[in-house]
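# Analysis of the macromolecular model
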Amino acid sequence: MNKFTLALILLAFSNIILAQDSPIFTDRPNVTDAVPLISPGTFQVELGYTNTTQNARVDDIKSQTIPNLSVKYGLFDWLELRMLTNYLVFNFQGLDAHGVTPLIFSPKFRLLEQNGAIPRTSLVTNVTIPNIGAKAFQADEFGYNLVLLFEYGFNQFTWSNSFSSNLSFTTVGGYAITNKFGAFLEFYGSFKNDRGGLNTDFGLSYLLAQNFQVDVIYGTGFVDDFRMFGFGCAWKTNFRE
């Protein structure tokens, strides 16, 4: 084996190592989805637990969700496929309902990369599939929702936002405390009165490995007596590396 061949092998091997070393990033645990797309060939699973309580004057509305499942696959540089579902336990005025929520097909499309004042931008298309899940939560027909995501990156700080066709919005600031430890503060709400007031949450994420993340979140409402906490994890692998 000559030196040129050896150099090519070492270069190819180093590229593989660097690709495998790319740290995981996730949509969870906050409301705002990640703006960038996972790389082609990447398979990623995100899951967790969330507990919410909201005071509705007459009684508290309580809900628990697990596993907050999101399964993703990077098909192209510009397309990430996602399937979302959950198991919901709901309680209000003695009414108890529990079961699997509708399946949501949620592909994400890359639109723009950050270029000066132009933010990194992507589009999420949520399609709720009817007649799947527990009867208490089933959708009678296909539901559609578009979410525009955009983000500015400033070294260790990122500022991400989303606007939905159902008139909900989010804004979140994230900060990389170290190369493994991150924190965020988020505000979210809706321009529709029947969807409640402005809420906020904050949380932490930690990389146990480059392909495995754990997180925790706590949230509250500004207007409504709303409380939320949760935790979870995410794992990825790449079939093309």
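Structure: above.
Now for a description of the structure that goes with this document. Values in this document were obtained by computation on a predicted structure and should not be read as measured data. (Residues numbered from 1 in each chain as written. Predicted model: local features only at pLDDT ≥ 70, side-chain atom pairs only at ≥ 80, totals over all residues. Heavy atoms only, no water.)

## Examining the overall build of the protein
When helices and strands are counted, the protein shows 1 helix and 16 strands. For the protein, with 241 residues in total, the buried portion stands at 38%. Considering only residue pairs separated by 6 or more positions, the protein has 45% of its internal contacts joining residues 24 or more positions apart. By element, 64% of the accessible surface of the protein is carried by carbon and sulfur atoms, the whole surface being about 13700 Å². (Helix = DSSP H or I, 4+ residues; strand = E, 2+ residues; numbered from the N terminus. Buried < 20%, exposed > 50% of the residue type's maximum accessible area, 1.4 Å probe, protein only. Contact = heavy atoms within 4.5 Å. Areas by Shrake-Rupley, 256 points an atom, 1.4 Å probe, with all protein chains shown as cover.)

## Comments concerning the side chain of N30
Here N30 is to be found in the loop between helix 1 (3-20) and strand 1 (42-55). Looking at N30, the relative accessible area reads 15%, which means it is buried. At 3.3 Å, the side chain of N30 and the backbone oxygen of T32 are in polar contact. (Polar contact = N/O pair within 3.5 Å; in protein donor to acceptor, adjacent residues only side chain to side chain.)

## A closer look at the packing of aromatic side chains
Considering all chains together, one arrives at 14 aromatic pairs under this definition. Measuring from centroid to centroid gives 6.2 Å for Y152 and F154, while their planes differ by 20°, and the two rings are stacked. F154 gets classed as partly exposed once you look at its relative accessible area, which sits at 45%. Where F154 meets F157, the ring centres are 6.4 Å apart and the plane angle is 25°; that geometry is what we call stacked. Among the residues examined, F157 registers a relative accessible area of 33% and is labelled partly exposed. A connected cluster of aromatic rings, assembled from ring pairs, spans Y152, F154, F157 and W159. (Phe/Tyr/Trp six-rings, centres within 6.5 Å; stacked < 30°, edge-to-face > 60°.)

## Let's talk about the pairing of strand 10 (residues 143-154)
Here 9 bridges tie strand 9 (residues 120-128) to strand 10, and the two strands are oriented antiparallel to one another. Its bridge partner being in strand 10, V124 is matched across the sheet by V147. Count of turn residues in the strand 10/strand 11 (residues 157-164) antiparallel hairpin: 2 residues, of which N155 carries a positive phi of about 55°. (Pairing = 2+ DSSP bridges.)

## Topic: the environment of W159
Among the structural elements, W159 can be located in strand 11. Separated by 40 residues in the primary sequence, W159 and P119 have C-alpha atoms spaced 9.7 Å apart. Of the polar contacts made by the side chain of W159, one reaches the side chain of N161; its length is 3.4 Å.

## Notes on the pairing of strand 6 (residues 95-100)
Alignment of strand 5 (residues 87-92) against strand 6, held across 6 bridges, turns out to be antiparallel. Opposite F90, over in strand 6, you have A97 as the bridge partner.

## A short note on the environment of N238
One can find N238 in strand 16 (residues 226-238). Residue classification places N238 among the buried residues on the basis of a relative accessible area of 13%. A sequence separation of 195 residues divides N238 from F43, and the C-alpha atoms of the two residues are 6.0 Å apart. In this view, N238 contacts S39, P40, G41 and T42; residues no more than four positions away in its chain are not counted. Within the structure, N238 has its side chain in polar contact with the backbone oxygen of P40 (distance 3.3 Å). Looking at N238, its side chain comes within polar contact range of the side chain of T42, at 2.8 Å.

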